[in-house]
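Descriptive structure summary
The primary structure of each chain is shown beneath.
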Amino acid sequence: LGPLVGAIDQGTSSTRFLVFNAETAELLSHHQVEIKQEFPREGWVEQDPKEILNSVYECVERTCEKMNELNIDIANIRAIGVTNQRETTVVWDKTTGEPLYNAIVWLDLRTQSTVERLLKRIPGKNKTFSKFKTGLPLSTYFSAVKLRWLLDNVEEIRKAVEDKRAMFGTIDSWLIWVCICGTNGGIHCTDVTNASRTMLFNIHSLEWDPDLCKFFDIPMEILPNVRSSSEIYGLMKICPSRESGALTGVPISGCLGDQHAALVGQMCFQDGQAKNTYGTGCFLLCNTGQKSVFSEHGLITTIAYKMGKDKPAFYALEGSVAIAGAVVRWLRDNLGIAKTSQEVEKLAAEVGTSYGCYFVPAFSGLYAPYWEPSARGIICGLTQFTNKNHIAFAALEAVCFQTREILDAMNKDCGIPLSQLQVDGGMTNNKILMQLQSDILCIPVVKPSMPETTALGAAMAAGAAEGVEVWSLNPGDLTAVTCERFEPQINPEESEYRYARWKKAVMKSMGWESSEGPSNGKPK
């Protein structure tokens, strides 16, 4: 067996560690651990940074055990890549190595009043005031407002900043800092893709922006150093909680936000290539090459990747949908209409239609293309005939309709409609969903047979890094991927009719919540 590369894939609902063969891109072994999301109050979403860290250790440990059972020598692992849920915000104490508060997850809405307060300081309350610097609208979604909330509301964090003990980072920074020495001289860094999701980063100069830091009143010394997505950041250290000390001394040499990693894993290196990932949320990214393109239709501009210190940054347009797989988890955990996610698919399959019922899962407001934080989830078109099967089907349809909205925006912005959609992520194992997606988009949906493209992208970045160089990213060397295709099977008129009804439902979900209302911040 040739050289191997590992990938830590730390997502919103689970953590995975995967090991790939660098020459064939074949997945050899992996382990997955689901992680808890805490909802301390309405609209709040938190995770425990220590639990996230321990889930990484457990996945590494178990994967290495599985490899030993398969007689694969873990000494062949030459590099490790990190990919992560983006925007989720952690502040920790660099002297003790302890987090100073739970991680505030990207979906969290507690910062709505922070956003409104900041908007009042902008002439004309213009949400897109920093669009040409950051590519992003002012929203609860991005890290700067979460960090602002922590500085305003958590005494321990304020004090740690005053004492010069505080470090801020997204999940990648937290993991890399701890895995490379932690309190004994840990490396405090992030990559350009994760930095581009904070709202503090200038995506042209590729540096933290002093004016934006001043606007959000964030001290620049707590920010991580920004590096490329593919270079050696440091070496894995022995972790006291890992029995085997496996992977000690292996370079961590790749780092990408999860959606950017999926773009790389889907080999979308050419201008105009796009992919859609179905995870907790749904994210459509289209590579726009070495130029940043600004959307007129509610998409955001983001850094796609920068594959080396001296390599250029590539940009992407992104359509971000907050709730995709999370709606299935909600049906399972909150409504209890199914015990497993697979069962939700079965319920939907039994009826094959939503029977005129539409489900807009605006649990965290609406992201692209609307950026409407006041929206909330609704199920409409109910009759006495509607049952849980129809609601399950409507939930799957919602994922597809939301994708169609961002695809429509993408086609308008790029001027060249996509002729097919490349897809990946956990939900793509759901065949009904994939067929439905093709029917609603009226174009073929193409899914690689190895669905772990996010981890693959991180492994590619790590293996291609200078000083590692076991993975070639030359187009000629990339292995052709076998795919499954789903072709549209309903007539376009029916598809258009259903899509028009969906848009009507979306309009009804808007303007529901105001942050002044009494429900804001009440414990449940």
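Within each chain, residue numbers correspond to sequence positions counted from 1 in written order. With pLDDT at 70 or above as the cut-off, local features in this predicted model cover only qualifying residues; side-chain atom pairs require 80 or more to be listed or tallied, and sums for whole chains, interfaces and linings still use all residues. Remark: hydrogens and water are excluded; side-chain values derive from all non-hydrogen atoms of the structure.

Things to note about the overall build of the protein
As a reminder of what qualifies: Here a helix means four or more residues in a row that DSSP labels H or I, a strand means two or more in a row labelled E, and each is numbered from the N terminus. Using C-alpha atoms as the atom set, the radius of gyration is obtained and then compared with a globule rule of 2.2 Å times the number of residues to the power 0.38. When a residue's accessible area, from a 1.4 Å probe over protein chains only, is under 20% of the maximum for its type it is buried; when over 50% it is exposed; and in between it is partly exposed. What makes two residues a contact is simply this: any of their non-hydrogen atoms within 4.5 Å. Accessible surface area values rest on a Shrake-Rupley calculation with a 1.4 Å probe, where residue burial reflects the displayed protein chains alone.
A count of helices and strands for the protein gives 15 helices and 23 strands. Over its C-alpha atoms the protein spans a radius of gyration of 22 Å, differing by no more than 12% from the 24 Å that the globule rule assigns to 524 residues. With 524 residues in all, the protein has 62% of them scored as buried. For the protein, contacts bridging at least 24 residues in sequence account for 72% of all contacts bridging at least 6. Taken as a whole, the protein presents about 20,000 Å² of accessible surface, with 52% of it coming from carbon and sulfur.

Focus: the pairing of strand 1 (residues 4–10)
Here is the rule: Strands are treated as partners if at least two bridges between them are detected by DSSP.
Of all seven residues making up strand 1, seven are buried, and the element is well covered by its neighbours. The pairing of strand 1 with strand 5 (residues 77–84) spans seven bridges and is classified as parallel. If you follow Ala 7 over to strand 5, its bridge partner there is Gly 81. The sheet contact formed by strand 1 and strand 2 (residues 14–21) spans seven bridges and is antiparallel. Its bridge partner being in strand 2, Ala 7 is matched across the sheet by Leu 18. Between the antiparallel neighbours strand 1 and strand 2 lie three residues.

So, helix 10 (residues 325–333)
With seven of its nine residues buried, helix 10 lies for the most part within the structure. Considered for burial, the residues of helix 10 that qualify are Gly 325, Ala 326, Val 327, Val 328, Arg 329, Leu 331 and Arg 332. The inward-facing, buried residues of helix 10 abut strand 3 (27–34), helix 11 (341–351), strand 19 (358–360) and helix 12 (388–414).

Describing the UniProt feature "domain: Carbohydrate kinase FGGY C-terminal" (unreviewed entry) in the protein
Under the convention used in this document: UniProt positions are given in the numbering used here, feature names are shortened, and annotations may be inferred rather than shown by experiment.
If you check UniProt for "domain: Carbohydrate kinase FGGY C-terminal" (unreviewed entry), the listed places come out as residues 275–465 in our numbering. Between the end C-alpha atoms of residues 275–465 the distance is 24 Å, and the span holds 37% helix and 21% strand.

Some points on the pattern of salt bridges
Note the cut-off: Each reported salt bridge corresponds to a side-chain nitrogen of Lys or Arg within 4 Å of a carboxyl oxygen of Asp or Glu.
Inspection of every chain in the model, using the stated rule, returns 34 salt bridges. Note that Asp 9 and Arg 16 form a salt bridge whose closest N and O atoms lie 3.5 Å from each other. Taking relative accessible area as the criterion, Asp 9 reaches 5% and is therefore assigned buried. Glu 98 is paired through a salt bridge with Lys 50; the nearest N and O atoms lie 2.9 Å apart. Residue Glu 98 is located in the loop between strand 6 (89–93) and strand 7 (103–104), and its partner Lys 50 is located in helix 1 (residues 49–69); the two are separated by 48 residues in the primary sequence.

A few points about the side chain of Thr 88
Let me state the cut-off plainly: Any pair of N or O atoms that falls within 3.5 Å is considered a polar contact. Within protein, one atom must be able to donate a hydrogen and the other to accept it, and sequence-neighbouring residues count only if both atoms are side-chain atoms.
As for its placement among the helices and strands, Thr 88 is situated in the loop between strand 5 and strand 6. Polar contacts involving the side chain of Thr 88 include one to the side chain of Gln 85, which spans 2.8 Å. With near-sequence residues (within four places) excluded, Thr 88 lies in contact with Ala 103, Ile 104, Val 105, Trp 106, Gly 169, Thr 170 and Ile 171.

Concerning the confidence of the model for the protein
As a reminder of what qualifies: A residue's pLDDT is the confidence the predictor assigns to it, expressed on a 0 to 100 scale.
The predicted model of the protein averages 90 in pLDDT, with 95% of residues at 70 or higher. When the criterion is pLDDT under 50, residues 517–524 qualifies, and its contacts beyond four places in sequence or with other chains add up to 12 contacts.

Details of the sheet that holds strand 14 (residues 251–257)
Test applied: Lines fitted to C-alpha atoms define the axes here, with helix axes fitted over just the stretch in contact, and angles between the N-to-C directions of these axes take values from 0 to 180 degrees.
Pairing within the open sheet is mixed, and its six strands lie in the order 3-2-1-5-14-13. The sheet is open, and its two borders are formed by strand 3 and strand 13 (230–235), each paired with just one other strand. On average, each strand axis in the sheet is tilted by 25° relative to the strand beside it, whichever way the strands run. For strand 2 and strand 3, the ladder comprises seven bridges, and the chain directions are antiparallel. Looking at strand 3, one finds that Ser 14 is bridged to Glu 34. The strands that helix 14 (residues 453–464) touches are strand 1, strand 2, strand 5, strand 13 and strand 14; relative to strand 1, the one it contacts most, it runs at about 130°.

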